[in-house]
Amino acid sequence: MQSKGAVVLADAARLEAAVAAIFAGHGVPAEDAAAVAHYLVLADLRGIGTHGISRIPIYADRLRRGLVRARPDIRITHPTPAAAHVDGDNGLGFVVARRAMQEAIGAARRCGIGIAGVCNSTHFGMAATYLMEAVDAGYAAFVFTNASPSMPVWGGRTPFLGTSPFAFGAPGGTGSPPIILDMATSVVARGKIRRAMQSGEPIPAGWALDAEGRETTDARRAYEGIVLPLGGPKGSGLSLMMEVVAGVMTGSAYGGRVGDQYRDLDRPQNVGHSFIAFRPDLFLDGQAYGDRMDDLVSRARDCPRADEGQPILMPGEPEAIRMQARLDDGLPLTATDLAMLGEQAHLAGISIDTDALGKA
């Protein structure tokens, strides 16, 4: 079914190959380029367009400027059998984060629980990506990251905190889906404001303030101002927690000093991440865990509905449904998307046939 505004319904595998070629053209090793492409297309498949292929231009620009290393020397130390400290050497956040989550899963396999703290990284895309990798391996997980300042600490009026996501995942039972919770600690992810600014659309009231501290629905003024924290002091407190576990504890930048990948074009970002993986059957056997998850989800779905026409879905389930539909029908790409891919391919010194991306 043709999506509104779509010029082509792309085949995900073909699109991944094209995106991988763009990153390989910037010197990224083939395996890493394929992983980055997979993560970006995965975000679009799940409907998280703010973290999908629309980000290619800034990632590629920072590679060309030498602000991100195409071939980082990722260094890992193990303070304890259950912990890993990962120095990302300013590599692509996707590559660094994938390695760190592998370390956390490996530690959880040995010890039941594992944690990896990361410094010297960059923007790592959609946090749910790494939750899904842990869940697919049979583990529950938390994923934390800090980010460039765009939100005030509660009581302040200037950017200090990032819109850092709170992310948790857990395997489902035999009859229930996994739980994949990935949410910004702001009222809305800043990427949505940037997308509205790029398309010239207004934003809802209550999302952000302009640079003078006034409420605005103008996306550009909002992007130049501050995003508001989710639930007031609650969102601010959660984001401050990210500064501790992903920033202070890992040795990365923190407290308003993480570089903005769009604005700070003269220095690395030094983003910090923290990945925690653990066995969901640590306290009871796997069968009991699965049965209890099935019971939890079943009883949640049976709750009286606010809207009888809408089913009760678990966190991550709407995205999974959207992903399956787009895998079946194709991923909608606009003329702007296709032009961007063509331009980025040219800058990478390659050519891609955007007409060949359509689903057969």
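Along each chain, residues carry numbers from 1 onward, in the same order as the chain's sequence is written. Selection of residues for local features in this predicted model requires a pLDDT of at least 70, selection of side-chain atom pairs for listing and counting requires 80 or more, and totals for whole chains, interfaces and linings are taken over all residues. Computation of side-chain values: all heavy atoms of the structure, hydrogens and water removed.

Caption draft 1: Focus on the pattern of salt bridges. Between Lys or Arg on one side and Asp or Glu on the other, a salt bridge is scored when a side-chain nitrogen of the former is within 4 Å of a carboxyl oxygen of the latter. Scanning the model with the defined rule gives 15 salt bridges in all. For the salt bridge of arginine 75 with aspartate 73, the shortest nitrogen-to-oxygen distance reads 3.6 Å. Burial here depends on accessible area, computed with a 1.4 Å probe over protein chains only, as a share of the maximum for the residue type. Under 20% is buried, over 50% is exposed, and the range in between is partly exposed. For arginine 75, a relative accessible area of 38% translates into the label partly exposed. Residue classification places aspartate 73 among the partly exposed residues on the basis of a relative accessible area of 46%. Across the pair aspartate 281 and arginine 279 runs a salt bridge whose closest N-O atoms are separated by 3.0 Å. For aspartate 281, a relative accessible area of 26% gives the class partly exposed.

Caption draft 2: Region of the structure containing the packing of helix α2 (residues 30–45) against helix α4 (residues 93–111). Between N-to-C directions, angles span 0 to 180 degrees; the directions come from axes that are lines fitted to C-alpha atoms, helices contributing only their stretch in contact. Only DSSP runs of H or I with at least four residues qualify as helices, and only runs of E with at least two residues qualify as strands; both kinds are numbered from the N terminus onward. Two elements in contact, α2 and α4, have axes whose closest approach is 9 Å; the angle formed by their N-to-C orientations is 95 degrees. The angle between α2 and α4 falls in the class roughly perpendicular. Taking contact as the criterion, the partners of Glu31, Asp32, Ala35, Val36, Tyr39 and Leu40 in α2 are, on α4, Phe94, Val95 and Arg98. Here the nonpolar group is Ala, Val, Leu, Ile, Met, Phe, Trp, Tyr, Cys and Pro; Asp, Glu, Lys and Arg are the charged ones; every other residue, Gly included, is treated as polar. The residue makeup of the contact of α2 with α4, split by class, is six nonpolar, no polar and three charged. The cut-offs work like this: below 35 degrees is roughly parallel, past 145 is roughly antiparallel, 65 to 115 is roughly perpendicular, and the gaps in between are oblique. A contact between two residues is defined here by any heavy atoms of the two lying within 4.5 Å.

Caption draft 3: Representation of the environment of arginine 46 within the structure. As for its placement among the helices and strands, arginine 46 is situated in the loop between α2 and α3 (56–64). When the C-alpha positions of arginine 46 and glutamate 319 are compared, they lie 4.6 Å apart, and in sequence the two are 273 residues distant. Each residue touching arginine 46, except ones within four places of it in the same chain, is listed here: Met126, Met132, Ile180, Gly316, Glu319, Ala320, Arg322 and Met323.

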